[in-house]
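These are the residues of each chain, in order.
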Amino acid sequence: MSRKFIPSANIANLKESATLAVAAKARALKAAGQPVIDLGAGEPDFDTPAFIRKAAADAVEAGATRYTATEGIPALREAIAADANRLLPEGAEPFTAAQVVVSSGSKQSLFNACMACFGPGDEVLVPTPSWTSYYEMLELARATAVPVLGDPNNSLKVTAAMLAESATPRTRGVMLNSPCNPTGAVYTREELADILKLADEQAWWVLSDEIYLRIAYDEPATSVLQLAPARDRLIVINGVAKAYAMTGWRIGWSLAPTAVTRAMIAVQSHTTSNPAAVSQHAALAALSHVEQADAAIAEMMVAFKRRRDAVLNALGEARKYAVHPAGAFYLYLDVSSYGGDNPGARFAEDLLEKHQVAVVPGSAFLTPNWIRASYATSDELAIEGMRRVAQLLTSTEPS
Ligand code: PLP
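A.B. asks: Help me understand the domain arrangement of the protein chain in this model?
C.D. replies: Interface size is commonly expressed as the accessible surface area that is lost when the partners come together. Taken domain by domain, the protein chain comprises domain 1 (18–41 + 293–394) and domain 2 (66–288). Between domain 1 and domain 2, the C-alpha centre-to-centre distance is 26 Å. On the side of domain 2, 30 residues touch domain 1, which itself brings 26 residues to the contact. A buried area of about 2300 Å², summed over both sides, lies between domain 1 and domain 2, and 65% of it is on carbon and sulfur atoms. Summed over the shared surface of domain 1 and domain 2, the number is two salt bridges.

The structure is reproduced here in structure tokens:
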């Protein structure tokens, strides 16, 4: 007799990653021979730049095959601190390697930060829609994620005033992500400065996920580091996955006050230990050959911008349903005209079954009237996929 599995209290409310679930479904359909266009994945389709791949191969030959320090190799921690210091305003105290933890992807850095800063009884404000894992990581830390719905007339962004309204005496922090997954919105310098000021007054932790910082189209995106807020409650998270086309290498990092850094190292030491040695050497090459990396990123940005413009064009009239995509590589579309309880999920299901295009339902980001389509795929597929999205969307418009 097999006994029923009852999940522990730790994960009783945990949901699987909806974005990864869409990717798995699209992959399964493709494997079964269906010509699915996958606009679900949030992954650049470029190869990791050759100079980074070569540095990794050389590192393996030179013996980078063993454990490293949990927090990462010293040279990489220093390169990360130097990378962050380039953003600081003049006169700001520079980061040192002691404030850096290298992790197996920025996802792990975010998890480490949530575990280190939040616990039972703590409320954390999550501008919504947000990347699906913030809500679940806070749940794993047994804290309470408090979604704060963004303004549809301002690219679904939140303001300091909106955050203040959702705060209670139990509020301990706020998650920031600009450029934003899933909306592609980018916060202005002023919007960020207002939020940082409020957080500082309230002594909230600010976890700023800047994984898409380099991917902005209209103007450069602002890092919270440029605004030189008090840094005693600030944790900045970044990584090589998106800007350097290095998703599979799994390298992310945190910049945080030294005491918090020590706590995050402790969390990591009991979970995954060090990120893969070879990947750390690849990331070191990416961060220390600044000119070569900048040239590679600039080349990818030309392609991303061309696709961004092309998918907006392919949307035609349906463009009015989209948040203006100013950064990252996502289009967020209001499909509420599709009707029902969960229009985004119904739309995504019909789009996949009848038109062979995979997108992520907005319910994954707590906004069921929307869908997210990624254009991190070839020009041809992004344009054709978006054309089918527009077709389905306009066919359901009230006449
Ligand atoms: N943060 C956001 C907003 C993301 O969209 C993603 C990946 O999709 C991550 C973090 C995780 O990135 P990494 O591959 O570095 O773990």
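A.B. asks: Would you explain the packing of helix α2 (residues 50–61) against helix α9 (residues 277–288) in this entry?
C.D. replies: In a pair of packed helices, the angle between the axes and the distance between the axes together describe the arrangement. Packing of α2 against α9 leaves a shortest axis separation of 8 Å and a crossing angle of 140°. Comparing the axis directions of α2 and α9 gives the class oblique. Here α2 and α9 pass one another in a crossing that is right-handed. Seen from α2, the contacting residues are Phe51, Ile52, Ala55, Ala56, Ala59 and Val60; seen from α9, they are Val278, His281, Ala282, Ala285 and Ala286. Among the residues forming the contact of α2 with α9, the class breakdown is ten nonpolar, one polar and no charged.

A.B. asks: Sorry if this is basic, but what is going on with the layout of surface pockets here?
C.D. replies: Here the idea is plain: a probe the size of a water molecule rolls over the atoms and shows the empty space left. Approximately 880 Å³ is the volume attributed to the largest pocket. Along its surface, the largest pocket is lined by 41 residues, and Leu20, Ala41, Gly42, Glu43 and Lys242 are the ones closest to its centre. Those elements that provide at least two residues to the lining of the largest pocket are α1 (18–31), β1 (37–38), α4 (106–117), α5 (132–140) and β12 (370–374). No other element matches the five residues that α1 contributes to the lining of the largest pocket. Looking at side-chain class alone, the lining of the largest pocket contains 17 nonpolar, 14 polar and ten charged residues. Considering the residues around the second largest pocket, the lining is formed by 28 residues, among which Asp83, Leu87, Leu213, Arg214 and Tyr244 are closest to the centre. For the lining of the second largest pocket, the element with the highest residue contribution is helix α10 (residues 290–315), accounting for four residues. Taken together, the residues that form the lining of the second largest pocket break down as 20 nonpolar, two polar and six charged. When residues of the lining of the second largest pocket are assigned to domains, at least three map to each of domain 1 (18–41 + 293–394) and domain 2 (66–288).

Definitions and cut-offs
- Residues numbered from 1 in each chain as written.
- Predicted model: local features only at pLDDT ≥ 70, side-chain atom pairs only at ≥ 80, totals over all residues.
- Heavy atoms only, no water.
- Domains from an automatic or database assignment.
- Contact = heavy atoms within 4.5 Å.
- Buried area = accessible area lost by both parts, 1.4 Å probe.
- Salt bridge = Lys/Arg side-chain N within 4 Å of Asp/Glu carboxyl O.
- Axes fitted to C-alpha atoms, helices over the stretch in contact; angles between N-to-C directions.
- Helix = DSSP H or I, 4+ residues; strand = E, 2+ residues; numbered from the N terminus.
- Parallel < 35°, antiparallel > 145°, perpendicular 65-115°, else oblique.
- Left-handed = near helix turned anticlockwise from the far one by under 90°.
- Nonpolar A, V, L, I, M, F, W, Y, C, P; charged D, E, K, R; others polar.
- 1 Å grid on protein atoms, 1.4 Å probe; cavity = no way out; pocket = protein on both sides within 12 Å on 5 of 7 lines; lining within 4 Å.
- Points joined across faces, edges and corners; volume = space filled by probe spheres on them.

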